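# What the coordinates show
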Amino acid sequence: MTLKELIISLCGVMSISGQERRGAEALDALIGAAFDEHRVDAIGNHLFIKRCGRANAPKILVDTHFDEIGMMVTGIKENGFVTVTNVGGVDTRILPAGEVILYGKRPVYGVFAAKAPHLMTEADRDKLAPIGELLIDTGYPKEELEELCPIGTP
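Numbering of residues starts from 1 in each chain and follows the order in which that chain's sequence is written. Local features in this predicted model are restricted to residues whose pLDDT is 70 or higher, and side-chain atom pairs enter the listing and the counts only when it is 80 or higher, whereas totals over whole chains, interfaces and linings include all residues. Think of the side-chain values as coming from all heavy atoms in the structure, minus any hydrogens and water.

### Overview of unusual backbone geometry
As a reminder, the rule being used: Starting at the N terminus, helices and strands are each numbered in turn, a helix being any DSSP run of H or I of at least four residues and a strand any DSSP run of E of at least two.
Here Asn56, not a glycine, exhibits a phi torsion of approximately 55 degrees, which is positive. Looking at the element boundaries, Asn56 is found in the loop between strand E2 (46-49) and strand E3 (70-76).

Take a look at the structure:
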């Protein structure tokens, strides 16, 4: 795997704040073989250790966050649209027409529905919609979504 492929794969691991354990296996599968040791401490920090074999060799530390901002399902509408709330600081200005993945029993792909600009009033064009008013269109019927991605799904 190239460095670019590794970075893309690491960025694709779902690790929304509070849900990091879901991505821990994927993290280990992606980079674990490159290290001599992998430990997880009492609060969930992952420690990957690589030894060089030289006595008194300099040590380096690479420190990163494994969690990320995201969203959580708060409702499923009759027409199969999904409502969400933020987990962390989500900037709603970037969401309309953006693609998302709901991590339910299996990944469900969706897109934030956006009202066409020519259908908006002048006041609506300049207004930032709260995240709870945005809808995700998955193309699934309500009953199937309730089974695949119940309320609380990241």
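### Examining the environment of Glu25
Tracing the backbone shows Glu25 in helix H2 (residues 20-31). In this structure the C-alpha to C-alpha distance between Glu25 and Gly104, which are 79 residues apart in sequence, comes to 17 Å.

### Considerations on the pairing of strand E1 (residues 37-40)
Stated formally: Here the rule is simple: two strands pair whenever DSSP picks up at least two bridges between them.
Here four bridges tie E1 to E2, and the two strands are oriented antiparallel to one another. Bridge pairing in E2 links Glu37 to Ile49. The hairpin formed by E1 and E2 contains five residues between the paired strands, and Gly44 there has a positive phi angle of roughly 95 degrees.

### Looking at the pattern of salt bridges
Basically, it comes down to this: By salt bridge we mean one thing: a side-chain nitrogen of Lys or Arg within 4 Å of a carboxyl oxygen of Asp or Glu. Each residue is assigned to one of three classes by its accessible area relative to the maximum for its type, calculated with a 1.4 Å probe on protein chains only: buried under 20%, partly exposed between the two thresholds, exposed over 50%.
Summed over all chains, the structure comprises six salt bridges. Here Glu78 and Lys142 are joined by a salt bridge, their closest N and O atoms 3.0 Å apart. Of this pair, Glu78 sits in the loop between E3 and strand E4 (82-87) while Lys142 is found in helix H4 (residues 142-148), placing the two residues 64 residues apart along the sequence. Classification of Glu78 by relative accessible area gives exposed; the value is 62%. Residue classification places Lys142 among the buried residues on the basis of a relative accessible area of 17%. Here Glu147 and Lys105 are joined by a salt bridge, their closest N and O atoms 2.5 Å apart. Remark: Lys105 occurs in the loop between strand E5 (99-103) and strand E6 (107-112) and Glu147 occurs in helix H4; sequence separation between them is 42 residues.

### Brief notes about the nonpolar core
When a protein is soluble and globular, its nonpolar side chains tend to lie buried together. Here is the rule: In this text, buried Ala, Val, Leu, Ile, Met, Phe, Trp, Tyr and Cys residues form a nonpolar core when linked through side-chain atoms within 4.5 Å. Whether two residues are in contact is decided by their heavy atoms: any pair within 4.5 Å suffices.
Judged by nonpolar contacts, the single largest core of 17 residues is most densely connected at Met71, Val82, Val84, Leu95, Leu102, Phe112 and Ile136. Elements supplying a minimum of two residues to this core: E3, E4, E5, E6 and H4. Ranked by residues supplied to this core, first place goes to E3 with three residues. In contact with Val84, other than residues within four places in its own chain, are Met71, Met72, Val73, Thr74, Phe112, Ile131, Gly132 and Ile136.

Function cannot be read off these values alone, since they describe shape.
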